[in-house]
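Topology and contacts: notes
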Amino acid sequence: MEKNKIKVQTFLSRVPLFNSMGPEELSRIALGTTEVRVERGGMIFQRGDPCVGFHQVLYGQVKLAFTSLAGGEKVIELIGPGQSFGEALMFMGSPYIVSAQATEDTLLLHVAKPAIYREIHNDPEFACKMLAGLSQRMHGLMCDMESYSLRSGTQRVAGYLLKELHEDEGGLLTLPVTKAVLASRLNLTPEHFSRILAELCTQQLITFKGRKVTVLDVPALRRCAA
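Here goes a summary of the coordinates provided. (Residues numbered from 1 in each chain as written. Predicted model: local features only at pLDDT ≥ 70, side-chain atom pairs only at ≥ 80, totals over all residues. Heavy atoms only, no water.)

Some thoughts on the packing of aromatic side chains
- By the definition in use, this model includes 4 aromatic pairs.
- Both rings, one in F18 and one in F126, keep their centres 5.9 Å apart while their planes meet at 20°; by these two values the pair is stacked. With F18 in the loop between α1 (2-13) and α2 (23-31) and F126 in helix α5 (residues 124-150), the pair connects residues that are 108 residues apart, well separated along the chain. In terms of burial, F18 and F126 fall into one category: buried.
- Measuring from centroid to centroid gives 6.0 Å for F45 and F85, while their planes differ by 45°, and the two rings are tilted. Residue F45 is found in strand β2 (residues 43-45), and its partner F85 is found in strand β6 (residues 84-85); the two are separated by 40 residues along the sequence.
- You can call F85 buried: its relative accessible area is 1%.
- A network of ring pairs unites the aromatic residues F45, F85 and Y96 as a single cluster. (Phe/Tyr/Trp six-rings, centres within 6.5 Å; stacked < 30°, edge-to-face > 60°. Helix = DSSP H or I, 4+ residues; strand = E, 2+ residues; numbered from the N terminus. Buried < 20%, exposed > 50% of the residue type's maximum accessible area, 1.4 Å probe, protein only.)

So, helix α4 (residues 113-122)
- The complete set of buried residues in α4 reads A115, I116 and E119. Angularly, the buried residues of α4 cover 95° about the axis, an arc narrow enough to put them on a single face. Away from its buried face, by an angle of more than 90 degrees, α4 presents the exposed residues P114 and H121.
- Buried positions along α4 lie against α2, β3 (53-59), α3 (87-92), β8 (106-112) and α5. (Arc of directions from axis to C-beta. Contact = heavy atoms within 4.5 Å.)

As C-alpha cells, this is what we get:
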C-alpha cells in the first residue's frame, strides 16, 4: 500500500495541475487518487454514469463522444497526456453527458471530488489553476464552434494538419486516430474527409498512406486554412 501511494505521488508531481505542490499536499491528493489502466477500446465511463471526480491522462488517449441510440457517434474531444477531463461536471454534481473510451492503451489518474475540494479550500493558487484549466477548455470549445459554423471542411482539415505538424519532423505526421474518428472530431462525414484529403493530394499539398501524412507545401496549406 505504501509503495503504491509513493507511485501515485510521483505520477501526480508530473501533472501540471499538481507540479507546484510539496510532498505534504501531494500526499493528501494521493489519498483520493486511483490509478485507472484501460486497454485500447475500453470504456472509462458511459453517459449517465455519476461523476465523482475528474480524470488526468498520463499516457495514451481518450475519446469523448456523444452516441445516439442508433449507434451514431459525434466525437467532441480527444484527450492526450497532460490533459484532464470531467472537472466541470464534478463541480456541478451532474452525471456524465458523454462517454469516454480509450483509443489506445491508456493510464489515467482519477482524483476524487473530496480531495479536490479540500485543496481548493487550503490553497487559492490551486483553485486558480483549476479555473485556468476550465477556462482553456471552454475557449477551445468556443473555437471549435466557430470553426464548425464559419470555416469550410477544407479549412478545418488544413488547419488540423498544420496544428499537428512539427517543424523538426520534416513535414511528416501521423494521425492519432482513425480517419472516421478524426472526421467526426472535425464535424465531417468520413466520406467528405476522404474527399478533402484526396483534393489536397491532387493539389500536391500533401501525400498520405493510411495514417501517415506528408505535408509537401506548408505555405500553400496555410493559405487553404486561412
